[in-house]
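# Descriptive analysis of the structure
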Amino acid sequence: MNWIIRWSIASALGVLAGWLGWLLQPTGTAEAPGALGLCWPVTGVALVLLMRWGPTTAAALWIGAWVGHAQGSGLWGPAAVLAAGEVAGAWAAARYLRRLPVRSRIERPEEFWLHAGVGLLGSSLVAAGGAALALCALGPMGATALPGVALSWLAGAMFGVLMIAPPALSDADEPAPARWTHRLAVPLAVMLTAAPLLAPPGLDALQALWLAPALIIGTLAIQRDATVASLAASLSAAVLSQAAAGQPPRLGSWQAWALGCGLCLLALVPAALVRRLRESEARTLRALEVAEIGVAEWQLDQGLFHATPGWHRLLGDTDPQASLSLQGWLARAHPEDREALNALLSPRDGDTVLSSPDHETRLRVGEQWRWFDVHLTVTERDSAGAPRRVIACIGDIGDRRQARERELLSANVFHHLREGLVVTDSELRVLDANPAYCRLSGLGLPALVGQVPPQLRRAAERASGTWPELWTVLRQQGQWETEFQDGGGEGTSPGRTLHLTLWSVRTPHDSPRYHVMIASDVTEQRLQRELIERQAHYDELTRLPNRARLGTLLTEAMAATERDGDLLAVCYLDLDHFKLVNQRHGHEAGDALLAELASRLRGALRHRGPSWHDTVARLGGDEFVLLLRVGSVHEARSAVQRVLRVVARPFLLGGLDEPVLMTASMGATIHPLDHHDAETLLRHADHAMYGAKQAGRNGFLFFDPESSRRSEERMLAIGRVQDALDGDELLLYYQPKVDLRAGTVVGLEALLRWNHPEYGVVPPAQFLPLIEHTGLSARVGDHVIARALDQLDQWHAQGLPLSVSVNITGRHLQESDFAQRLAELLARHERPLGNHLELEVLETAALTDIDFTSALLERCAALGVRWALDDFGTGYSTLTYLKRLPVSILKIDRSFVQNMLSDSQDRAIVEGVLQLAQTFGCEVVAEGVETPAQARALLEMGCDIGQGIGIAAPMPADAVAAWVREWKGLFAIGPAPATATPQTDGPALSGD
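Since this is a predicted model, take the numbers as computed values, not measurements.

## A look at the overall build of the chain
Along the backbone of the chain there are 36 helices and 26 strands. Within the chain, buried positions represent 48% of all 992 residues. A separation of at least 24 residues holds for 63% of the contacts in the chain among residues at least 6 apart in sequence. Approximately 47900 Å² of the chain is accessible, and the part contributed by carbon and sulfur atoms is 56%.

## Some points on the pairing of strand E8 (residues 430-433)
Alignment of strand E7 (residues 420-425) against E8, held across three bridges, turns out to be antiparallel. Directly across from Thr424, in E8, lies its bridge partner Val430. Hairpin remark: E7 followed by E8, antiparallel, with four residues in the connecting loop; positive phi at Leu428, about 65°.

## Comments concerning the UniProt feature "transmembrane region" (unreviewed entry) in the chain
Within this structure's numbering, the places UniProt gives as "transmembrane region" (unreviewed entry) are residues 6-24, 36-55, 75-97, 118-143, 149-169 and 181-199. Here residues 75-97 is 96% helix and 0% strand, with 33 Å between the C-alpha atoms at its ends.

## Some points on unusual backbone geometry
Excluding glycine, a negative phi dihedral is what most residues carry, and trans is how most peptide bonds are arranged. A cis amide bond, omega 10°, links His671 with the succeeding residue Pro672. Relative to the helices and strands, Pro672 is located in the loop between strand E15 (664-671) and helix H24 (678-694). The residue Asn698 is not glycine, and still its phi comes out positive at about 55°. When you line up the elements, Asn698 lands in the loop between H24 and strand E16 (700-702). Residues other than glycine seldom take positive phi values, yet Asp728 does so here, at roughly 60°. One can find Asp728 in the loop between helix H25 (705-726) and strand E17 (730-739).

## Examining the layout of surface pockets
Estimated volume of the second largest pocket: approximately 230 Å³. Along the walls of the second largest pocket sit Arg418, Glu419, Gly420, Ala436, Arg439, Leu440, Arg496, Ala519, Ser520, Asp521, Val522 and Gln525, which together make up its complete lining. For the lining of the second largest pocket, the secondary-structure elements that each account for two or more residues are helix H15 (435-441) and strand E11 (512-521).

## Quick look at the packing of aromatic side chains
Using the criterion set out here, one finds 10 aromatic pairs in the structure. Ring geometry for Trp311 and Trp329: centres 5.5 Å apart, planes at 40°, overall tilted. You can see Trp311 sitting in helix H11 (residues 309-315) and its partner Trp329 sitting in helix H12 (residues 326-330), a full 18 residues away along the chain. Exposure class is identical for Trp311 and Trp329. Each is buried. Between Tyr734 and Trp795, the ring centres sit 5.0 Å apart and the planes meet at 75°, which makes this aromatic pair edge-to-face. Of this pair, Tyr734 sits in strand E17 while Trp795 sits in helix H27 (residues 775-797), placing them 61 residues apart in sequence. By relative accessible area, Tyr734 is classed as buried at 2%. With relative accessibility at 1%, the residue Trp795 sits in the buried group. Following the ring pairs from residue to residue traces out a cluster consisting of Trp298, Phe305, Trp311 and Trp329.

## With respect to the packing of helix H29 (residues 818-827) against helix H31 (residues 850-861)
Viewed as axis vectors pointing N to C, H29 and H31 meet at an angle of 15°, and their least axial separation amounts to 10 Å. Taken together, the axis directions place H29 and H31 in an arrangement best described as roughly parallel. As H29 packs across H31, the resulting crossing turns out to be right-handed. Contact residues: H29 offers Phe818, Ala819 and Leu822, while H31 offers Leu856, Arg859 and Cys860. Considered class by class, the residues forming the contact of H29 with H31 number five nonpolar, no polar and one charged.

## Overview of the confidence of the model for the chain
Mean pLDDT over the chain stands at 79; residues scoring 70 or higher make up 75%. Of the regions scoring below 50 in pLDDT, residues 28-35 engages in 14 contacts with residues more than four places distant in sequence or in other chains. Contacts for the low-pLDDT stretch residues 172-178, under 50 throughout, to residues beyond four places or in other chains number 11 contacts.

## Here's the deal with the pattern of salt bridges
Counted according to the given criterion, the structure contains 38 salt bridges. Linking Glu360 and Arg404 is a salt bridge whose minimum nitrogen-to-oxygen distance equals 2.8 Å. A residue pair is termed long-range when its members are at least 10 positions apart, and Glu360 in strand E4 (residues 359-365) and Arg404 in helix H14 (residues 398-416) qualify at 44 residues. Among the residues examined, Glu360 registers a relative accessible area of 24% and is labelled partly exposed. Arg404 gets classed as partly exposed once you look at its relative accessible area, which sits at 38%.

## Notes on the sheet that holds E11
Ordered in space as E8-E7-E11-E10-E9, the five strands form an open sheet in which the pairing is antiparallel. The sheet terminates laterally at E8 and strand E9 (479-486), the two strands that pair on one side only. Here the average twist between neighbouring strands, direction ignored, is 20°. The strands touched by helix H18 (residues 467-477) within the sheet are E9, strand E10 (496-506) and E11, with E9 carrying the most contacts at an inclination of about 145°.

## Remarks on helix H20 (residues 547-564)
An α-helical turn contains 3.6 residues, so any two residues separated by three or four positions project in the same direction. If you check H20, its first and last C-alpha atoms are 25 Å apart, about what 18 residues at 1.5 Å a residue would give, namely 26 Å. Within H20 the residues assigned to the buried category are Leu550, Leu553, Leu554, Ala557, Met558, Ala560 and Thr561. Seen from one end, H20 has its buried residues packed into an arc of 165°, which puts them on one side. Buried-residue contacts for H20 involve strand E12 (567-575), strand E13 (615-620), strand E14 (623-630), E15 and H24. Put simply, Asn546 is the residue that caps the front of H20, since its side-chain oxygen is 3.3 Å from the backbone nitrogen of Ala548. Positioned one or two residues after H20, Gly565 has a phi angle of 80°, which is positive.

## Brief notes about the nonpolar core
Membership of the largest hydrophobic core comes to 81 residues, with the highest contact counts inside it found for Tyr734, Val806, Phe818 and Leu938. Among the elements that make up this core, the one with the highest residue count is H27 (nine residues). Beyond its immediate stretch of four places on either side in the chain, Val806 contacts Ala750, Val784, Ile785, Ala788, Leu837, Glu838, Leu839 and Glu840. With 35 residues, the next largest nonpolar core counts Cys571, Ala598, Val616 and Val640 among its residues.

## A closer look at the sheet that holds E13
What the five strands build is an open sheet, ordered E13-E14-E12-E15-E16; its pairing is mixed. In the strand order of this sheet, the two ends are held by E13 and E16, each with one partner. Going across the sheet, the axis of each strand differs from the next one's by a mean of 20°, ignoring polarity. Both E15 and E16 contribute to a ladder of three bridges, which runs parallel.

## Notes on the side chain of Arg629
The residue Arg629 is located in strand E14 in this model. For Arg629, a relative accessible area of 3% translates into the label buried. Within the structure, Arg629 has its side chain in polar contact with the side chain of Asp564 (distance 3.2 Å).

Basis of the calculations
- Residues numbered from 1 in each chain as written.
- Predicted model: local features only at pLDDT ≥ 70, side-chain atom pairs only at ≥ 80, totals over all residues.
- Heavy atoms only, no water.
- Helix = DSSP H or I, 4+ residues; strand = E, 2+ residues; numbered from the N terminus.
- Buried < 20%, exposed > 50% of the residue type's maximum accessible area, 1.4 Å probe, protein only.
- Contact = heavy atoms within 4.5 Å.
- Areas by Shrake-Rupley, 256 points an atom, 1.4 Å probe, with all protein chains shown as cover.
- Pairing = 2+ DSSP bridges.
- UniProt positions renumbered as here; feature names shortened; annotations may be inferred.
- 1 Å grid on protein atoms, 1.4 Å probe; cavity = no way out; pocket = protein on both sides within 12 Å on 5 of 7 lines; lining within 4 Å.
- Points joined across faces, edges and corners; volume = space filled by probe spheres on them.
- Phe/Tyr/Trp six-rings, centres within 6.5 Å; stacked < 30°, edge-to-face > 60°.
- Axes fitted to C-alpha atoms, helices over the stretch in contact; angles between N-to-C directions.
- Parallel < 35°, antiparallel > 145°, perpendicular 65-115°, else oblique.
- Left-handed = near helix turned anticlockwise from the far one by under 90°.
- Nonpolar A, V, L, I, M, F, W, Y, C, P; charged D, E, K, R; others polar.
- pLDDT = per-residue confidence, 0-100.
- Salt bridge = Lys/Arg side-chain N within 4 Å of Asp/Glu carboxyl O.
- Expected span 1.5 Å × (residues − 1).
- Arc of directions from axis to C-beta.
- Polar contact = N/O pair within 3.5 Å; in protein donor to acceptor, adjacent residues only side chain to side chain.
- Core = buried A, V, L, I, M, F, W, Y, C linked by side-chain atoms within 4.5 Å.

Spelled out as C-alpha cells, the structure:
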C-alpha cells in the first residue's frame, strides 16, 4: 500500500514540475528557437524523491514528467525524451550519492558540496543532453539551435535543482523560540523580491530592494535555519522567474537566473559554513570532556559568563549560574590558594595579556576540598589595567595528587625502612636498593646495580639446592621465601640469620617484569626462638630433654627400632628416699645431686652412629626416663644394671663433708614386645618402677605385657558384670529342697544366673570368680537377697509357705554394715519374711574371723534369719568353732553324697555329719541327690532333707509354683523340667 501512495505522489509531482517548467517560458511555446526559459524544476523534484524514497519511484516520476511536458508543450514524442533525460540524470546522481557515505539530508558541509557537485551539475548535464536531443533532433528546433538549447536547459535544470532540492533536503535545526519570526521572514522576502517587479515602469531605483531579500536569507542561514532560508530563496527565485517570463518581461532571463541562483546559494553556503563552525565547536567541547577539563569565560565589562558543561560538572554545579560571578568562583578557592589567583587579577599597566602557569588549587566542591589544576588567563584589560576578559581552565588532579603523595610516601618508606628492600629486573639484576640493604650486604648501591643480590644466590643454593629451582618456584607460585644462616661476606657479620622474601611484579600479560626482595636480619629472633625452644623442651637444671620433648624422642626412637629391627628399652628411674637429701642438706644440695646424676646418665649413654644412640630425659623431681637401644632382652637387663651401678656411686657435693649415697628403682618395658603407643609405654614402665619400689627398692623390674593383658581383660570382664547388674541382666533360678520322708517341699535355694544378650543364660561359675574379691561382690549379694525376698513375698501371697536360702560370699559377709542392710531389705516388705529366709555361708568363709562372724550371725539371727554352713566337711573347722557359731543347718557337700554308695569313707563321713548335727541340734540337708538309691540310703541313715538334680534341676521363678503342686513324693522322682539347665551350678555367689 505504501508504494502505491509514493507512486501517486511521485507521478503527481512529476506532472506539476513538467507543466510548471513550460508555464515559466517567456513565450509559452517551443517553436521559437532560443526562446527557452531558464527554470526547469523536474530534475530537482526527481533528485529529492529518489534520494528520499529510492529508485522505485523513477518510473512514476518519468510518467508524470512526460505528461507534464506534453501538456505544457503539446509535443508528446519529444516530451517523453525530455522526461527520460531529466529523470535519468536525477537517478544517476541519486544512485551515486546514495553509494557514498552521506545521508539523504544535507546536514554537513561535505554533504552540501557533494550534492552540489553531483546533484547540481551531474543531473543537470544529463537533463540538458536529453533536452537538446528531444527538441533539436526530434522536435521543431533545428540543429543550429543545439548549443543554445543545451545551455539554456542546463541553466534551467541547475536553477530548478537549486530551487527544489535545498528546502527539501536541508535539516531544520533553528532554535524553537525564534521559529515564528523566521517564518514571518519568508513572505517578507518574497514581497521585497516582487516589489520592484510590480512597480510602474521607470522606477528602476526600486531594484535596490532586491538587496533586502538577500540580507534576510543570509541572516536566516547564519542563524542556522537553512530550511526556512532555502524556502525563502526558492520562492523569491520563482518570483524572479515569473517576472522574466511575463508579458512584457520585467527582467531578463539570465538576469533573473543569476539573481535566483544567488539567492539560493546565499541560503546554502552560509549555512554550510555555520555548520562547520558548529561541528568544530562540538569537537572542541568533546575534547575538553574527554580530557576532563572545564573552561569558563567572564566578560567583566558586559557582565557575561559562559562555561562548558565540564566546568559545571567538575565543580558540582547543579545550577549553571552558580559560577556566574568571577568573585563568587574565587570565593570557592581555599584561603591559602586564593592569594595567588587574586595577584594575577590585580590591575596592570598597559594592555598586557597575562597568563598564569598551572597552579594547583583547592576548590570547594559540595562540602569537600578537592584539588584542581587551574590555568587563569587575562586576555583583555581596560585602560586602567583592570581585567576585562578572563578565561579559566580547570582540571581535576585529585587522583594524580594522591598518586604523587603515595609515590612520595613510598619513596620515604623505601629509604627509611629498616629491612633491606631490593627491586630487580626480570632477570633478578638489581635496579635499586634502599640504604638498609646496602648496610646489610656491606656493598654500595653502585656495586649492587646490575648484579644478582649475593644473599639471594647463597640462600637459593642452601634452601633449594640449585639456582634454577628458585626460578621454578617463582614461575609456579609467584613468591619464594626462605630463612638461612648467612656465612657472611665482605663487610658483613658472620653467623647471622637472614629472612628473604622474593615475589614477582607481573605485567597485564602475566609475565614477570620486576622482582622485589625484602631481606631481614632475624638473628636476634632466631636466638630468642632457640632460647624459648630450649626452655620449652629442655630441663633448665639438668639440660636434659623434658617431658614435652621426650614424647617426640620416644616416637622417633620407636620408629627407628621398627625400621632397624632392634629393641627399645623404655626405662623409668626414680631415686630412693631423695626427699631425705633435701631435708638433711637443703634444696641446693638436692639440685646439685640431680645435676651430677644427669651428667652421669648422659655419660653412660651409648652412641653407635648418627641414627643409633641412647637418650635420657628428666620428667621432673627425681624421675628420669632412659631410652636404650638394645639387641635382646638380656642386653636390656645388663644396660639397666649398669645404670643402677652408675647411680649407686657416691655423690661428692660441694659444702658437704661426707659423700651422699643414693640408690634408685627402675621399671622397664621392651618395645616392640610391648607393642603400644608412646604414652602407654611410659605408663607401663612407671608401673614396673612402682613394682620395684614395693619389692624393696634399689632394684629393677621389667613390665610383663601378658600379665597386663590378663589384668585388663579381667577389668573389662568386671566392668561387663557391673553393666549387667545395672542393666538388670542378673536373675535368679530356684532349686527345691524336699522332705524325702514326708514327700513335701520345704524350701528352695536361690541360684544366680546371667541372662547375657549374646550367650543366653550363663551359669555363675563363669563370672562370679571375677568379682569374688571386689566391692562388686557385695553389691551383687545385696541384689540377690533383694530379688529373693521379692519372690518369697509373691509366693507367700499365692499361698505357698516356702522358705528361700541365699548363698553369702566371704567378702559380702565381711562388710561392716551387712546386718544393717539385711534389716533394711527385710523392712521393705510388710510380711515378716525373716523366719523364711536362710543364709548359707561356706565353712571356710565363716571361720575367717570367728569372733566377728559369730557376732554378725547373732545379729542376723535376731531378725529371724537362719544360718546354714554350706559344703560342710570340706573345710578345716573344729568342733569348738562349730559350737561358737549360731548355725541351724548343716549342708553335706555333694561330693560325699554322690560317692557314698560306692565309697565307704564318704558314707562314713555322711553318717558322722548326721550324728554331729544330731548332737548340736542342727538340721541336715544333703546336696547332690541324683538317684532314688541315694535318697533311700539317706533316709536309712536318718537324713530327711535332700536337694539335687535327681529331685529337680534349678528352674525359673515362674515354674516353681507348678512344680510344687505336681510334686508326688519320693517314688515319683522324674526328670527335670524342659526349661531347666544342666546341673553345673554352685551356690548363688560361689557355687551351689
